[in-house]
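What follows is the residue order along each chain.
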Amino acid sequence: MSTVPENLRYTETHEWVENIGGGRYRVGITEHAQELLGDLVFVELPAVGGQIRVGNPCGVLESVKAAADLYAPISGTVEEVNEALGENPQWLNEDPHGRGWIMVINADAGAWDGLLDAAAYARIAGV
Amino acid sequence: MPYIPHGADEVAQMQAAIGITDLEALFDEVPAQLEGHDLLLPAGLSEMALRRELEERAAANTPLRCFAGGGAYAHHIPAIVWEIAGRGEFYTAYTPYQAEASQGTLQVLYEYQSFLTRLTEMEVANASLYDGASALAEACLMALRLQGEGKAILVPDNLLPAWREVLHSILGLQEIPLLGVPYDRQTGRLQLPEGENDSAALIIPQINAFGGLEAVDALTDWAHARQMLAIAVVNPLALAILKAPGVWGQGGADLVVGEGQPLGIPLSAGGPFFGFLTCRKAHVRQMPGRLVARTVDVQGREGFCLTLQAREQHIRRGKATSNICTNQGLMVIAATIHMAALGGDGLRQTAVACHRQARRLRDLLADVPGVQWPFSGPFFHEFVLRLPLSAKAVRDTLLERGILAGICLAEWGMGEAGDLLVCVTELASDADLLDYRDALLATLKDLSA
Amino acid sequence: MNPTPLIFAYDHHRDPVQASARAAEEGLEDIPQTLLRGDALHWPNPSELEVLRHYTRLSQRNFSIDTHFYPLGSCTMKYNPRIAHEGAMLAGFARLHPQTPAPAMQGLLRVLWELQEWLAAITGMAAVSLTPAAGAQGELAGVAMIRAYHQARGDHQRKRMLIPTAAHGTNPASARMAGFAVVEIPNGPDGDLDLAALDAALGPDTAGIMLTNPSTLGVFERQIVQIAERVHGAGGLLYYDGANLNAILGRVRPGDMGFDVMHLNLHKTLATPHGGGGPGAGAVAVRERLLPFLPQPRVARDEHGRYHWLDAGDLPASIGRLSAHAGNIGVLLRAHAYLRRLGREGVERVSRYAALNANYLLKRLQAVGFQAAFPERRASHEFILSVTDLQRENGIRALDVAKRLLDYGIHAPTVYFPQLVPECLLIEPTETESKATLDRFVEVMQKIRQEALETPQLLREAPHHLPVGRLDEALAARRLDVADRA
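All right, on to the overall build of chain A then. From N to C terminus, chain A includes 3 helices and 9 strands. N-terminal to C-terminal, the α/β element order of chain A is β-β-β-α-β-β-β-β-β-α-β-α. Taken over the C-alpha trace, chain A has a radius of gyration of 13 Å; the compact-globule value for 127 residues is 14 Å, and the two agree within 12%. With the C-alpha coordinates aligned to their principal axes, the bounding extent of chain A is approximately 35 × 30 × 20 Å. For chain A, the residues scored as buried account for 51% of the 127 residues in total. As displayed, chain A offers around 5,800 Å² of accessible surface, 47% of which is attributable to carbon and sulfur atoms.

Listed below in structure tokens is the structure:
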């Protein structure tokens, strides 16, 4: 069974979002997503400083058997990306909510209001 | 029944198991209106009769001593190459998706990739594409993915014309701009365009369509100074003596492609050949085609498997790096055995022999009245001879003497009517060269009379 | 430790002299030093016997049609007749330079012309070009012709290509490469296309539809005539992916089903070898209205019975040239020999016996407990099993069944394609396998099923009896050791 932390918000495309204050949101993929994808081998990250729009692809996750787009969970500016994932894509499997974080987005306050809460995501993802 | 092993009693048992009494019932879901057309094919032949017919058809092709090149080259192929490549275990295997049952093919492909990266002094080679020209089209698409779409590709006017046509066919579908780069009429070599240029990549043919050698260092640096990628197009045999594209100029070429046919592949009227593509590791995820990696199994034993498959169409579908599915597996197996059989020393000796015999023929032809050399400058094993008569008439007459004298540049829409592109490989003995000169002399005399 | 070390281990004959130091004595002094290779080439120099042994040993680490039953769905792994190989390797063909003038290659051109004619007869199409080097290149040529057709009519808004969700991945990839946007159309629960979804997708922007029939789901698309009417009615064209032509060879012609353009996989249907991943050949065939757009070159015969090439000068509307020469001639020669050997009657038999073997195998496997994906349907030349019951029971996946088959000396069927059917095995026995081989396959599958229920670990760790066990693909992709460096 995958864990679905209560303090995060989620998308139907299996991204999680954490409000870290000051209009900044940390983003990653859920534990369920990494299970679906299998062993991740490569991550294509968005450019720091770039604008991303909710629902649009902003990166690629590649596993042994699949490649999936990473969709922007909210609109905003990419403030920081987890460069270490380039060398350590397995962190997405091992610790998707921790070391496997993908990026930090700078957005308006309340940007995550429309996202799913843990219960709703768990229901949709069937976990 | 050729190749269908069923006995009548077996068919009856199988029908009973299915619950039908007639094989026609197997097609009961096909709308009746779609069936029942006459099939306009001739009757079948026994294997003996077929063999005889094939020999007759093969004999209806005139045996010729080959002095034509233009992207396809007559070379000696050691007997063991196709002896091994023709083994059923290689010949009748599928793509090595089931790695444990395909370690033979996979290791050969890994060795092939290693041979090619060493030859071109690049870091990654894919497991081959259809042919050199289509590999160049794929390299251009790759360059555009790396450089951003909407940019142009600089295509030399002295690139083989069939290759330019392939670029237009394939890249034209996506309306990618292809800008010509002119060549110097005296040397046949590329002239660099002046001024600003924000194209994605420059194609650098080493060897060009006239057989001439380009100033590759300067061309590579020119491209890099303008933030373009340098796409090298090379002859793999010539790389035994010529500078490897990985070390051209200050930074080396970024992508390297070529026609692999000189590495053990029969001419076979133009195919199947194979195209190779090598690049830097930093660009590997934009590379099309299959790739084999060395890894370990659950017990830690060394083994090989396909890797980065997520780039490919069977997983990535519409977002794949290319639609390519097959590579030219068997050709690459033959090429790998060929490269091993020649070894590094043998490849160099072959290349040296090609160059030596080509120079020899050029020297022999210097005395033929009326011939000229339209292009100055160094060459590998191919050069342009300007005849005082129509090159086509001379070539057609020489066919009757059992010689394919070269390629008429006019048929390519290049050069002048008298221009003949002549190629000499290690297959041409000194006696063959003398025969060529004598036949040419006699033909020129006959046609002038 | 690899028991067959890389060929690069055989380095004992290396010439110690640096290459550049020898250039002058080798007669390379006319080439400027800056253009010559600097470092010696780091290739091995094995003896001929070492080469022979090394690659013979490697060959023995492969499964192949010649050594193993190979029921790989969608790939048509039938026997590859050796007479075809022998013919193609005759010096009169193998030594032909592609720039040989046509009068000196009449034997070859006749073969190619006949093959064009025969493929037109088999497909019910007006004309054929043999030049595409593989199925995917045939697809690209086909959709490029659809594009050219619409453009020639000034119909520039047709930018969308409809493709079933279950299609081969090459279809959407080829459509994209030709500049089309892809619209996926779902299949219904019985395997046939969802006509309501098709109707909803059709419109003035529809360029065409790419279909495989029998479909990738192993069943014949029964509504094909209606689909053709609707797509044509909307101004689109129909593309036939010939991957499954073996199922209807000599019986149903794609032209009669309403298709406008198609490719054939000669390496499947016409028994040319797969060669560990190629070379293939993907000849394209078209109806009259697409004829001007066929890729060049093609072969023509004049009124005197002489053959010649048709190229850019003769075919001004052609989509152009796809490779430097005329395609994979050696493969075309093999396909020609195969058709010549079979003749009309032999060709008609192919689909009958391919269907017989597939349907027999399906019934027998169902009888020993396996689930068919479409139990109500007649199998084409292949069929799909789903092992979700084993997954529920013991966590056994299709991959585990596939790997265990290898232990029994049988190549695995295609797994996880089509992606629509969970835990699927796509099984294609082909017509050239005997009943005895099929019966043995059923026995082995029955045994594996039993193992899956009783000793599932045996499957999860399979294969046990091959040179290597399951490979670490994640390590392979992360470390990316793709070339042995000098």
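A separate point is the overall build of chain C. Broken down by element type, chain C carries 16 helices and 13 strands. C-alpha atoms of chain C, sized along the principal axes, occupy 75 × 65 × 45 Å. When burial is assessed residue by residue, chain C has 70% of its 486 residues classed as buried. Counting contacts in chain C only where the partners sit at least 6 residues apart, residues at least 24 apart contribute 71% of the total. Surface exposure of chain C reaches about 15,400 Å², of which carbon and sulfur atoms provide 48%. On chain C, the mean spot of the 50 positive side-chain charges and the mean spot of the 52 negative ones are 3 Å from each other.

All right, on to the interface of chain C and chain B then. Taken together, the 196 residues of chain C in the interface contact 184 residues of chain B. Between chain C and chain B we count 17 salt bridges in total. The interface formed by chain C and chain B contains 96 residue pairs in polar contact (both at pLDDT 80 or more). At 25 residues, helix α11 (residues 329-367) of chain C tops the list of elements feeding residues into the side of chain C that touches chain B.

To continue, consider the pattern of salt bridges. Two side chains bearing opposite charge may form a pair once their charged atoms approach each other closely. Residues and elements named next belong to chain C. Applying the stated criterion across every chain, the model contains 59 salt bridges over all chains. Close ionic contact of Asp 190 with Arg 222 constitutes a salt bridge, the shortest N to O distance being 3.1 Å. Here Asp 190, found in the loop between β3 (181-185) and α7 (195-201), pairs with Arg 222, found in the loop between β4 (206-211) and α8 (224-233); they are 32 residues apart in sequence, far enough to count as distant. A relative accessible area of 34% places Asp 190 in the partly exposed class. The class of Arg 222 is partly exposed, set by a relative accessible area of 30%. The shortest N-O distance in the salt bridge between Arg 230 and Asp 199 comes to 2.8 Å. Note that Arg 230 is positioned in helix α8 and Asp 199 in helix α7, a separation of 31 residues in sequence.

All names here are of chain C. Looking at the assigned domains, one finds that chain C contains domain 1 (7-59), domain 2 (83-341) and domain 3 (349-460). Summarising the inter-unit geometry, the C-alpha centres of domain 2 and domain 3 are found 30 Å apart. Across the boundary between the two partners, domain 2 contributes 24 residues, which contact 18 residues of domain 3. Area buried by domain 2 at its contact with domain 3 is led by Leu 217, Gly 218 and Asn 246, which between them contribute 33% of it. On inspection of domain 2 and its partner domain 3, the count reaches 1 salt bridge. One salt bridge connects Arg 377 with Asp 192, and the closest N-O pair in it is separated by 3.2 Å. Connecting domain 2 to domain 3 are 8 residue pairs in polar contact (both at pLDDT 80 or more).

Core analysis: the biggest nonpolar cluster contains 179 residues, and B:Leu136, B:Ile153, B:Leu167, B:Ile203 and C:Tyr55 have the highest contact counts within it. With 14 residues, the top contributor of residues to this core is helix α10 (residues 329-365) of chain B. Those residues within four positions of C:Tyr55 in sequence are excluded, and the remaining contacts are B:Ile84, B:Phe90, B:Val108, B:Glu111, B:Phe115, B:Thr336, B:Ile337, B:Ala340 and C:Ile7. Membership of the second largest hydrophobic core comes to 135 residues, among which are B:Leu41, C:Met105, C:Phe441 and C:Val444.

Here we take up empty space enclosed by the protein. Residue and element names in this part refer to chain B. Within the structure shown, the criterion is met by 14 cavities of 30 Å³ or more. Each pocket or cavity is described by its volume, and for the largest cavity that value is around 230 Å³. Taken together, 22 residues form the lining of the largest cavity, with Gly 71, Tyr 73, Leu 160, Ile 207 and Asn 235 sitting closest to its centre. Every element with two or more residues in the lining of the largest cavity is listed here: β5 (201-206), β6 (229-234) and β7 (255-259). Looking at the lining of the largest cavity, its residues break down into 12 nonpolar, 8 polar and 2 charged.

About the cut-offs
- Residues numbered from 1 in each chain as written.
- Chains lettered and ligands numbered in written order.
- Predicted model: local features only at pLDDT ≥ 70, side-chain atom pairs only at ≥ 80, totals over all residues.
- Heavy atoms only, no water.
- Helix = DSSP H or I, 4+ residues; strand = E, 2+ residues; numbered from the N terminus.
- Rg over C-alpha atoms; globule rule 2.2 N^0.38 Å.
- Buried < 20%, exposed > 50% of the residue type's maximum accessible area, 1.4 Å probe, protein only.
- Areas by Shrake-Rupley, 256 points an atom, 1.4 Å probe, with all protein chains shown as cover.
- Contact = heavy atoms within 4.5 Å.
- Lys, Arg positive; Asp, Glu negative; His and termini not counted.
- Charge placed at Lys NZ, Arg CZ, Asp CG, Glu CD.
- Salt bridge = Lys/Arg side-chain N within 4 Å of Asp/Glu carboxyl O.
- Polar contact = N/O pair within 3.5 Å; in protein donor to acceptor, adjacent residues only side chain to side chain.
- Domains from an automatic or database assignment.
- Buried area = accessible area lost by both parts, 1.4 Å probe.
- Core = buried A, V, L, I, M, F, W, Y, C linked by side-chain atoms within 4.5 Å.
- 1 Å grid on protein atoms, 1.4 Å probe; cavity = no way out; pocket = protein on both sides within 12 Å on 5 of 7 lines; lining within 4 Å.
- Points joined across faces, edges and corners; volume = space filled by probe spheres on them.
- Nonpolar A, V, L, I, M, F, W, Y, C, P; charged D, E, K, R; others polar.

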